[in-house]
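# Descriptive structure summary
Here are the chains, one letter per residue:
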Amino acid sequence: MNKTVQRACQLQGSFKHLTQRHFRSYSTKPLTVLGIETSCDDTTAAVVTSDRKILSEIVRTQHHLHEPLGGIVPTLASTGHMQNLPMVVREALEQANKSINDIDCVAVTRGPGLPPCLSAGMNAAKTLAAVAGKPIVGVHHMEAHALTARLTTENAMGDHLPAPAFPFMTLLVSGGHTLLLQANAVGNYDQLGSTMDDAIGEAIDKASRALGLKWAQGRRGGPGVALEQAALKGDPMRYDSMLPLPLSEREWTKKIGFSFSGLKTAMMRMVERQNITNNEQGVADAAATFQSKCIQHLEQKLRLALDQSIKQQNIPLTALVVSGGVASNNVLRSRLEVLAASYGLPLICPPPKLCTDNGVMIAWAGIERYQAGLIDDYEITTIPKWPIESLKDVVAK
Ligand code: KG4
Ligand code: ZN
């Protein structure tokens, strides 16, 4: 048994009793980590090193299974993961030119996500790690989205920026979440705001479906990309008065929180009443107006949060990080870059292919957690509903 595994095994017994002091940089040795992500419909695995090299990334999408059904069906997605996982993991190792013996740790999404999908990935990761005698790290999916910005950083122009140091403001916009966090350290996040109803990606997907848009094809396709493509030829002011800005009433303008369900419902009603789907330009204009309103709502709440953290609390934020599937939207990226600059902050978005769910972000979060001594034991289970602030409890014990 090598020293890393020995130490990991010791930690598995005593981990829960360690104090925060012990977590200081548990490992500074170079690491090669296998990451597995199956929280939704994509089966993905990747091998990443602690010196920020992505050695492989394998993705199997299941769009062809779910598009005809109008959305993700969890049991179908889970069966897809079970079919895909053996070859996806094998290909990730082969593409990286590594065997499982060269891997220092297996990282896997523990939650939040669809329960049967998380279980498929967790069972594969645990079995692999236990048989090969490797430590396992369970990763919070949203922490992984946030930390990806520290692996690879890019602004709206595609320039590479230095990795952001803590603390930074992070907006996570995906199909399941709309979260505004202050990232203080690995495993330490303050939640400043979240959605009260639909996640932004969920609302975008429903709007895309209401417009009758065909899912964009390719490795990173889906309804959100289809809406962005349709909006390219549209006028974002055409339906301005029919789509009200959420939470812009007087009492709400000073609260940090998001809501997309009213906007979504207004969009669906408008599409039906105006018979928009019969008119190509109408579809483009409606897509552009809806997209613009979603971004305007994010901008309004981001300004409140940045005013609070920077101007009122003097928190030395280093960057605005935006991640999650919706952060691959180019209009959103360029508008938030302007907003961040007005606070003297760089906007950091992972490259689009690392904004949507991927194994790379899980491997990287696994590296950051491993280095902080946050290693799990083989009895680890999934947590389908998992508030990100509760990660602090583990660090602080
Ligand atoms: O992070 P992600 O890949 O999966 C979740 O954890 O939910 O995010 C998926 C969401 C979907 O709602 C998808 O339609 C949306 O991100 N999305 C986009 C774009 N690409 C993906 N929304 C708007 N514009 C895009 N380019
Ligand atoms: Zn995600």
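Residues numbered from 1 in each chain as written. Chains lettered and ligands numbered in written order. Predicted model: local features only at pLDDT ≥ 70, side-chain atom pairs only at ≥ 80, totals over all residues. Heavy atoms only, no water.

Per an unreviewed UniProt entry, the chain goes by N(6)-L-threonylcarbamoyladenine synthase and derives from Umbelopsis vinacea. Turning to the chain, the UniProt record has this under Catalytic activity (unreviewed entry): "L-threonylcarbamoyladenylate + adenosine(37) in tRNA = N(6)-L-threonylcarbamoyladenosine(37) in tRNA + AMP + H(+)". (UniProt positions renumbered as here; feature names shortened; annotations may be inferred.)

## Let's talk about the nonpolar core
The biggest cluster of nonpolar side chains holds 51 residues, and the ones touching the most others in it are Leu-171, Leu-211, Met-267, Phe-290 and Val-322. Every element with two or more residues in this core is listed here: β6 (168-173), α6 (200-210), α7 (223-231), α8 (261-273), α9 (280-312), β9 (320-323) and α10 (330-342). Of the residues forming this core, the biggest block, 11 residues, is contributed by α9. Grouped together as the second largest cluster of nonpolar side chains are 36 residues, Val-33, Val-139, Leu-354 and Ile-367 included. (Core = buried A, V, L, I, M, F, W, Y, C linked by side-chain atoms within 4.5 Å. Buried < 20%, exposed > 50% of the residue type's maximum accessible area, 1.4 Å probe, protein only. Helix = DSSP H or I, 4+ residues; strand = E, 2+ residues; numbered from the N terminus.)

## Quick look at the environment of Thr-79
Residue placement: Thr-79 occurs in helix α3 (residues 74-95). Since its relative accessible area comes to 38%, Thr-79 is described here as partly exposed. Sequence-wise, Thr-79 and Pro-116 are 37 residues apart; in three dimensions their C-alpha atoms are separated by 8.7 Å.

## So, the sheet that holds strand β2 (residues 43-49)
Each strand in a sheet pairs with its neighbour through backbone hydrogen bonds, running either in the same direction (parallel) or in the opposite one (antiparallel). Pairing is mixed across the open sheet formed by 5 strands, whose spatial order is β3-β2-β1-β4-β5. Strands at the two margins of the open sheet, each flanked by one partner only, are β3 (54-60) and β5 (136-140). Geometrically, the sheet is characterised by an average inter-axis angle of 20° between neighbouring strands, direction not taken into account. Sheet topology places strand β1 (residues 32-37) next to strand β4 (residues 105-111); 4 bridges connect them, and they run parallel. Counterpart to Leu-34 in the pairing with β4 is Val-106. The sheet strands contacting helix α4 (residues 115-132) are β1, β4 and β5, and the helix crosses β4 at an angle near 160°. Sheet contacts for helix α12 (residues 359-371): β1, β2, β3, β4 and β5; angle to β2, the most-contacted strand, approximately 45°. (Pairing = 2+ DSSP bridges. Axes fitted to C-alpha atoms, helices over the stretch in contact; angles between N-to-C directions. Contact = heavy atoms within 4.5 Å.)

## Regarding the packing of α6 against α8
Close contact between α6 and α8 brings their axes to 10 Å; oriented N to C, the two are set at 5°. Taken together, the axis directions place α6 and α8 in an arrangement best described as roughly parallel. Between α6, through Ala-203, Lys-206, Ala-207 and Ala-210, and α8, the contact on the second element is made entirely by Lys-264, Met-267, Met-268 and Val-271. Here the residues of the contact of α6 with α8 sort into 6 nonpolar, no polar and 2 charged. (Parallel < 35°, antiparallel > 145°, perpendicular 65-115°, else oblique. Nonpolar A, V, L, I, M, F, W, Y, C, P; charged D, E, K, R; others polar.)

## A look at the pairing of β4
The buried fraction of β4 is high, at 7 of 7 residues. For β4 and β5, the ladder comprises 5 bridges, and the chain directions are parallel. Directly across from Ala-107, in β5, lies its bridge partner Val-137. Each parallel crossover has a hand, and the one from β4 via α4 to β5 is right-handed. (Right-handed = clockwise from strand over helix to strand, strands pointing away.)

## Considerations on the site of ligand 1
Of all residues adjacent to ligand 1, which total 17 residues, the nearest are Gly-175, Asp-205, Glu-228, Gly-325 and Asp-357. The contact in question runs from an oxygen atom of ligand 1 to an N or O atom on the side chain of His-145, over 3.3 Å. One of the backbone N or O atoms of Asp-357 is found 3.0 Å from an oxygen atom in ligand 1. A total of 550 Å² of accessible area belongs to ligand 1 in isolation, and the protein chains cover 88% of it. When residues of the shell around ligand 1 are traced back to their parent elements, those giving at least two are α5 (141-151), α6 and α7. Counting residues per element, the shell around ligand 1 draws most heavily on α7, at 3 residues. Tallied by class, the residues present in the shell around ligand 1 amount to 2 nonpolar, 12 polar and 3 charged. (Near = heavy atom within 4 Å. Polar contact = N/O pair within 3.5 Å; in protein donor to acceptor, adjacent residues only side chain to side chain. Areas by Shrake-Rupley, 256 points an atom, 1.4 Å probe, with all protein chains shown as cover.)

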